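# Coordinate inspection notes
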Amino acid sequence: MQNELNAFQTFIDDILIRNKSILDQTTKLQDACTHLCRNISKSATTCGCISINAHKQPYPPSTSELSMDDLKSLMSTHIDGTLCPNCQELIEKEMGRVLFYLGAIANTMDLSLSEILEHEKKRTELLGKFSLR
Ligand SMILES: [Zn+2]
């Protein structure tokens, strides 16, 4: 994974010419995030391969007696159904764009995505269920 992320950042650095400005990169990332969320919505509203049935999450009064698995099984994604191949392709494409511009921003800021991933994983592991992400 670490090598793949490093190679991805090198690849981005090699081919990114037009959107070298941090302003272009941040707005392109926002655009990709917007399109990703729109494609998820359209999977339900236009295609119909999934439906989104949102309701209040059943947070228990005290989480201290529940295991992580208990908590996970209580929470819902609010999604019924599975993505059709067309919607899956569109969502994967936008996730790819999100990763691309995130990598571009990391390059511009001289940051390593693999190090960021490692730090985030450690932080989340330390907090355990109290991170509740
Ligand atoms: Zn679909």
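Let me sum up the structure you'll find in this document. (Residues numbered from 1 in each chain as written. Predicted model: local features only at pLDDT ≥ 70, side-chain atom pairs only at ≥ 80, totals over all residues. Heavy atoms only, no water.)

## Things to note about the side chain of Gln25
Turning to its location among the elements, Gln25 is positioned in helix 2 (residues 22–47). Among the polar contacts made by the side chain of Gln25, one reaches the main-chain carbonyl oxygen of Asn19 at a distance of 3.1 Å. A distance of 2.8 Å separates polar atoms of two side chains, one belonging to Gln25 and the other to Thr108. If we skip the residues at most four places from it in the chain, Gln25 touches Leu16, Asn19, Lys20, Tyr101, Ala104, Ile105 and Thr108. (Helix = DSSP H or I, 4+ residues; strand = E, 2+ residues; numbered from the N terminus. Polar contact = N/O pair within 3.5 Å; in protein donor to acceptor, adjacent residues only side chain to side chain. Contact = heavy atoms within 4.5 Å.)

## Some words on a nonpolar patch on the surface
A contiguous nonpolar patch, built from Ile40, Ile52 and Ile79 and spanning about 230 Å² of accessible area, is present on the exposed surface. Inspection of the secondary structure puts Ile40 in helix 2. (Patch = residues over 30% accessible without salt bridge, like charges linked within 9 Å, V, L, I, M, F, W, Y side chains within 5 Å. Areas by Shrake-Rupley, 256 points an atom, 1.4 Å probe, with all protein chains shown as cover. Salt bridge = Lys/Arg side-chain N within 4 Å of Asp/Glu carboxyl O.)

## Some thoughts on the coordination of the zinc ion
Donor atoms from the polypeptide that bind the zinc ion are Cys47 (SG), Cys49 (SG), Cys84 (SG) and Cys87 (SG), placed at 2.3 to 2.4 Å. Seen from the zinc ion, its 4 donor atoms lie at angles of 105 to 116°, and the figure they make is tetrahedral. In primary sequence terms, the donor set of the zinc ion follows C-x1-C-x34-C-x2-C. Cys47 gets classed as partly exposed once you look at its relative accessible area, which sits at 41%. (Donors = N, O, S within 2.8 Å, 3.2 Å for Na, K, Ca; no water. Tetrahedral: all angles 85-135°; square planar, octahedral: opposite > 155°, others 65-115°. Buried < 20%, exposed > 50% of the residue type's maximum accessible area, 1.4 Å probe, protein only.)

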